[in-house]
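Structure at a glance
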Amino acid sequence: MSDHSLTEYLNTAQEVARKAGEMVKEAFYKEKDLMTKESYADIVTETDQAVEKLIISLLHEKYPTHQFIGEESTAEGKKVEWTDAPTWIIDPIDGTANFVHSIPQTCVCIGLSINKQMVVGVVHLPITGQTYFASKGGGAYCNSQRITVSKVKDLKKSVVITEAGNSRDPKILSTKMNNVHRVVEASHGVRMFGSAAVNMCTVAEGKGEVYFEYGIHIWDFAAAGIIFTEAGGVLIDPSGGDVDFLSRRVLAACNRDIADQLSPVLTHIEFDQD
Ligand code: IPD
C-alpha cells in the first residue's frame with residue numbers, strides 16, 4: 001500500500017463524510033421518524049438509512065471492487081463479513097440518540113481496512129464542524145490541528161469516558177452501572193457524550209484520559225480507532241489483550257499505565273461477536 005493511495009483514500013473519505021454530513025445537518029433541525037432495533041433504546045431514523053445508502057453509493061462508484069460493512073445494512077439482515085479485501089466500515093450517524101434529541105455530538109464515521117487493519121478513518125461532526133481524521137503512519141488531526149492524547153499516567157488524576165449503551169437487559173445494565181460506580185471511586189469522574197466515536201476522538205485530542213465500552217459494534221469505533229492510535233493512544237480489549245473490532249468491547253487509553261490501572265477495576269462483559 002503506497003502512501004499515495006492512502007492519501008487518496010483519506011481525501012475521498014473526507015469528501016464523502018462531508019457530503020453525508022450535509023444530509024445529517026439538514027435533517028438535524030427537522031422532526032425525526034423513529035424506528036427501533038434490538039431494544040426500545042436502540043433507535044434508527046430514515047436519515048441513518050438514507051445517509052448510509054449515499055455513502056455506499058459514492059464509495060462504490062469510485063472503488064467498485066471494495067467491500068462494505070455498514071450499520072444499517074447489517075440491521076437490515078446483512079451479516080458482518082470482514083475479509084482481507086479493502087473494506088469501508090460505515091456508521092452513517094453515530095450518536096443517533098443525540099441526533100434525535102438535538103444534541104450536537106453526532107457524527108458520520110467512515111473507516112477503511114485492508115487485510116483487516118484499519119488504515120484510514122474519518123469522524124465528521126456536521127453540527128459542530130469538527131472533522132477528525134487519520135491515515136496509517138500519518139498522525140491524527142481535528143480540522144487542520146494535529147492532535148495527541150493526554151500525558152497523565154495516574155487513574156486517580158484521570159477523567160474516564162464510557163456509555164450505558166443501547167441494551168436494556170437488566171443484568172448487562174447493572175454490571176455497567178457497577179463498573180461506573182467503581183470507576184468514579186478510582187478517578188476524577190465519568191463522562192458520557194452519547195457517541196462511541198466522539199468519545200474516542202475526545203480522548204484522542206487529550207480531553208480526558210480513557211474511554212471504555214461494552215456492547216458497541218465494529219462500525220461505532222473502527223474509524224475512530226485509527227484516529228485514536230495515530231494520536232498516540234493505546235487501543236486494547238478491556239481485559240488487557242489485543243483489540244478485536246468484532247468483539248463488541250474496547251478500552252482506549254492515553255497510555256498503557258492508565259489502561260493497566262483501569263482494566264482490573266472493570267467487570268468484563270462478554271458479547272457474541274459481530
Ligand atoms: C451508539 C452510540 C452510543 C453507544 C452505543 C452505540 P449509534 O451508536 O455510539 O454512544 O453507547 O453502544 O451503539 O446507534 O448511535 O450508531
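Computed from a prediction, not measured in an experiment: that's the story for all the values here.

So, on to helix α6 (residues 196-204). Burial of α6 is extensive: nine of the nine residues sit out of reach of the surface. Taken together, the buried positions of α6 are Ala 196, Ala 197, Val 198, Asn 199, Met 200, Cys 201, Thr 202, Val 203 and Ala 204. Residue Gly 206 follows α6 closely and has a positive phi angle near 85°.

Attention now moves to the domain arrangement of the protein. In terms of domain boundaries, the protein breaks down into domain 1 (3-146) and domain 2 (155-265). Averaged C-alpha coordinates put domain 1 and domain 2 at centres separated by 20 Å. Facing the 39 residues of domain 1 at the interface are 22 residues of domain 2. At the boundary of domain 1 with domain 2, total buried surface from both sides reaches about 2,300 Å², with 70% on carbon and sulfur atoms. Counting the surface domain 1 buries against domain 2, the share from its top three residues, Trp 82, Met 118 and Tyr 132, is 21%.

For the rest of this paragraph, the subject is the site of the ligand. Lining the immediate surroundings of the ligand are 15 residues, of which Asp 94, Gly 95, Thr 96, Ala 196 and Glu 213 lie closest. With respect to the ligand, the side chain of Asp 91 contributes an N or O atom lying 2.9 Å from an oxygen atom. In the model, an oxygen atom of the ligand is placed 3.1 Å from a nitrogen or oxygen of the Asp 220 side chain. When the ligand sits alone it has 370 Å² of accessible area, and the protein chains cover 94% of it. Broken down by element, the residue count for the shell around the ligand peaks at three residues, all from strand β4 (residues 87-94). A domain-level breakdown of the shell around the ligand finds at least three residues from each of domain 1 (3-146) and domain 2 (155-265).

Rules behind the numbers
Residues numbered from 1 in each chain as written. Predicted model: local features only at pLDDT ≥ 70, side-chain atom pairs only at ≥ 80, totals over all residues. Heavy atoms only, no water. Buried < 20%, exposed > 50% of the residue type's maximum accessible area, 1.4 Å probe, protein only. Helix = DSSP H or I, 4+ residues; strand = E, 2+ residues; numbered from the N terminus. Domains from an automatic or database assignment. Contact = heavy atoms within 4.5 Å. Buried area = accessible area lost by both parts, 1.4 Å probe. Near = heavy atom within 4 Å. Polar contact = N/O pair within 3.5 Å; in protein donor to acceptor, adjacent residues only side chain to side chain. Areas by Shrake-Rupley, 256 points an atom, 1.4 Å probe, with all protein chains shown as cover.

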